[in-house]
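Okay, here's what each chain looks like letter by letter:
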Amino acid sequence: ITHANDTVNRPLVHLTPHEGWMNDPNGLWYDAKEELWHVYYQYNPNDTVWGLPLYWGHSTSKNLTLWDDVGVAIEPMANNSGAYSGCMVIDYSNTTGFFGEDVSPEQRVVAIWTYNTPESETQYLSYSLDGGYSFRSYSGNPVLENNSTQFRDPKVMWHEETQKWIMVVAKAQQFKIGIYTSDDLKEWTPVSDFTRGGYLGYQYECPGLVKLPVEGNTSAGNGSWVLFVSINPGSPQGGSSTQYFIGDFNGTHFIPTYENTNSIDSGKDYYALQTFFNSPDNQTYGIAWASNWQYSAFVPTDPWRSSMSLVRKFVLEEFQANPETKLLNIKSTPILDYDALGCAHPSNGKNLFITVGNPLQFSLVQGLFDFNISFSVNGSAFGGHEFADLSLYLRGGENKDEYLRIGFGANAATFFIDRGHTAVNWVHENPFFTDKMSVNNQPLTISNNSTISTYSVRGIVDRNILELYFNNGSQVSTNTFFFTGGNFIGSIDMAVGKDNVFNVTEFSLKQLST
Ligand code: FRU
């Protein structure tokens with residue numbers, strides 16, 4: 001279906017539903033036979049706000065860049081109920097007995113999801129005999145209940161060492177992540193609760209457990225376990241966000257290595273992260289809902305609401321949190337397939353000379369582009385209380401008064417994002433749509449005498465969403481923004497607030513098209 005409004009603000013490489021409402025990603029898996037990625041999501045086809053009955057929508061992609069909407073996959077049984085969030089696993093060796101020889105092992109998908117009714121939240125199984133398009137409900141449902149209305153979002157993985165299925169599931173309002181094990185996905189044994197870690201907010205949602213490799217030579221050896229927990233509302237950014245713990249998992253218990261919690265993305269629009277069950281290179285990929293429950297029902301898009309983030313690959317790395325301490329940290333790399341996109345006028349400049357009052361200008365079309373900026377900051381060239389900034393003004397092509405301003409404040413040694421310069425009244429009127437955010441990004445390198453620090457930032461803009469990756473993905477910030485319809489970003493002005501502080505050592509820009 002094509003709507004007149006489709007060109008207005010709809011992202012091109014971020015998954016959106018054709019029409020209707022979307023929230024959390026669900027059921028992520030990769031079909032190795034068809035070489036096709038499957039993403040399901042919380043979906044209300046009847047309105048552009050969340051509501052019951054709630055379904056699983058379904059999109060597929062060959063390249064994680066361009067998406068096909070392939071219709072509803074799972075339906076709830078009653079109008080006042082919902083097929084809430086959950087995951088999918090591939091039951092290669094038919095532990096469930098759901099599959100005959102005619103279904104190839106790579107396509108034996110079982111969805112484990114929460115059935116929400118006014119009385120309870122319980123865990124259900126559905127399985128597909130046609131490669132993930134249509135699903136049958138298991139006759140023995142529910143497979144897990146807890147006498148609760150707040151027991152949801154199961155994420156299941158196969159644990160090689162113990163040869164068991166492992167489920168993590170939110171006991172949302174007890175601030176517990178329940179861990180269960182099973183041989184056949186049908187019978188589940190409770191083995192432990194991970195209790196009250198990190199930020200609590202109002203409730204825990206959408207947990208996930210994965211083992212990630214550690215980059216480089218570190219004491220963490222061949223990898224560490226990571227437990228993701230989404231919280232909403234009451235996150236540090238305001239509203240919803242995704243945190244994670246690093247620790248060990250022994251088949252029954254998750255034991256955090258450190259007490260601290262981390263945000264996987266410091267922006268306002270990255271929630272309910274889920275990782276793919278599998279991937280062709282055995283790496284961990286994930287996708288999040290690029291919105292925030294604080295304002296998701298009001299954002300000015302039509303006839304759909306919400307998009308997903310880009311798919312990201314996750315690894316652990318050692319991260320210099322400050323001069324004295326290194327921490328293990330998740331590093332995120334966005335997946336964007338340039339071969340699937342047109343790439344016009346790539347430009348690349350080195351050692352750009354910018355002075356106060358003489359910004360550099362770069363032109364763009366279409367509102368889809370990828371840029372990299374590397375710069376150094378000379379700490380001896382400005383006073384402690386001077387506001388010395390390097391700013392990129394990402395301006396609308398039709399109306400330059402609408403712009404995103406992003407940049408680095410040398411005094412605060414912090415990156416900033418300002419999405420408040422728009423004629424869209426909603427942005428100014430909605431008190432939760434925070435217009436200014438910052439990211440405490442550490443230098444990539446620092447000179448021996450500590451005067452010169454270097455930084456690098458990659459940004460991907462897709463119509464109404466900006467993803468920023470700092471220092472090769474050590475930190476990330478994902479934020480949506482809204483300009484007047486059709487006023488896509490058409491130019492970038494690069495400006496400095498003080499001379500001799502910044503040296504832009506490299507700036508590259510790729511204009512992309514679908
Ligand atoms: C998270 C969430 C989940 C729930 C789903 C309902 O955003 O609240 O806990 O399963 O959304 O749509």
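Residues numbered from 1 in each chain as written. Predicted model: local features only at pLDDT ≥ 70, side-chain atom pairs only at ≥ 80, totals over all residues. Heavy atoms only, no water.

1. Brief notes about the pairing of strand 15 (residues 241-249)
Piece 1. For strand 15, the tally of buried residues reaches 8 of 9 residues, placing the bulk of the element in the interior.
Piece 2. In this structure, strand 14 (residues 224-231) lies alongside strand 15, joined through 7 bridges in antiparallel fashion. Counted as the bridge partner of valine 229 is glutamine 243 from strand 15.
Piece 3. Sheet topology note: the strand 15/strand 17 (residues 262-263) ladder contains 2 bridges and is antiparallel. In the strand pairing of strand 17, glutamine 243 is matched with serine 263.
Piece 4. Examined bridge by bridge, strand 15 and strand 16 (residues 254-256) share 3 bridges and lie antiparallel to one another. Bridging from a neighbouring strand, phenylalanine 249 pairs with phenylalanine 254 of strand 16.
Piece 5. If you look at the hairpin formed by strand 15 and strand 16, you'll find 4 residues sitting between the two strands, and glycine 251 has a positive phi there, around 105°. (Buried < 20%, exposed > 50% of the residue type's maximum accessible area, 1.4 Å probe, protein only. Helix = DSSP H or I, 4+ residues; strand = E, 2+ residues; numbered from the N terminus. Pairing = 2+ DSSP bridges.)

2. Overview of the pattern of salt bridges
Piece 1. What the rule picks out here adds up to 14 salt bridges.
Piece 2. Arginine 419 is the partner of aspartate 269 in a salt bridge, and the nearest nitrogen-oxygen pair spans 3.2 Å. Linking aspartate 269 in the loop between strand 17 and strand 18 (271-275) with arginine 419 in strand 28 (residues 414-421), this pair joins segments that are 150 residues apart in sequence. Exposure class is identical for aspartate 269 and arginine 419. Each is buried.
Piece 3. Arginine 405 is the partner of aspartate 389 in a salt bridge, and the nearest nitrogen-oxygen pair spans 2.8 Å. One end of the pair, aspartate 389, is in strand 26 (residues 389-396); the other, arginine 405, is in strand 27 (residues 403-409), and 16 residues separate them in sequence.
Piece 4. Here the salt bridges do not stand alone but share partners, grouping Glu121, Arg152 and Glu205 into one network. (Salt bridge = Lys/Arg side-chain N within 4 Å of Asp/Glu carboxyl O.)

3. A word on the site of the ligand
Piece 1. Taken together, the residues surrounding the ligand are Asn23, Asp24, Gln42, Trp50, Leu54, Tyr84, Ser85, Arg152, Asp153, Glu205, Tyr271 and Trp293.
Piece 2. Side-chain polar atom of asparagine 23 to an oxygen atom of the ligand: 3.1 Å apart, as the coordinates give it.
Piece 3. Here an oxygen atom of the ligand and a side-chain polar atom of tryptophan 293 are 2.9 Å apart.
Piece 4. About the coverage of the ligand: the protein hides 95% of its 320 Å² of free accessible area.
Piece 5. Looking at the shell around the ligand, the elements with two or more residues in it are strand 1 (20-31), strand 5 (82-90) and strand 9 (151-159). (Near = heavy atom within 4 Å. Polar contact = N/O pair within 3.5 Å; in protein donor to acceptor, adjacent residues only side chain to side chain. Areas by Shrake-Rupley, 256 points an atom, 1.4 Å probe, with all protein chains shown as cover.)

4. Section: the sheet that holds strand 12 (residues 189-195)
Neighbouring strands of a sheet are bound in pairs by backbone hydrogen bonds; such pairs are parallel or else antiparallel.
Piece 1. With antiparallel pairing, 4 strands are arranged side by side in an open sheet as 9-10-11-12. Both edges of this open sheet fall to strand 9 and strand 12, since each of them pairs with a single strand only. In this sheet, adjacent strand axes meet at a mean angle of 25° when their direction is disregarded.
Piece 2. Two elements, strand 10 (residues 164-171) and strand 11 (residues 176-182), share 7 bridges in a ladder whose sense is antiparallel. Paired with methionine 167 across the strands is tyrosine 180, a residue of strand 11. (Axes fitted to C-alpha atoms, helices over the stretch in contact; angles between N-to-C directions.)

5. Side note on the domain arrangement of the protein chain
Piece 1. Partitioning the protein chain into domains gives domain 1 (15-334) and domain 2 (341-513).
Piece 2. Distance from the C-alpha centre of domain 1 to the C-alpha centre of domain 2: 32 Å.
Piece 3. Counting from both sides, the interface comprises 31 residues of domain 1 and, opposite them, 27 residues of domain 2.
Piece 4. For the pair domain 1 and domain 2, the summed buried area comes to about 2200 Å², and 56% of that belongs to carbon and sulfur atoms.
Piece 5. Scanning the region where domain 1 abuts domain 2 turns up 19 residue pairs in polar contact (both at pLDDT 80 or more).
Piece 6. Where the side of domain 1 that touches domain 2 is concerned, the elements lending two or more residues are strand 21 (312-322) and strand 22 (325-334).
Piece 7. Residue contributions to the side of domain 1 that touches domain 2 peak at 6 residues, all from strand 21. (Domains from an automatic or database assignment. Contact = heavy atoms within 4.5 Å. Buried area = accessible area lost by both parts, 1.4 Å probe.)

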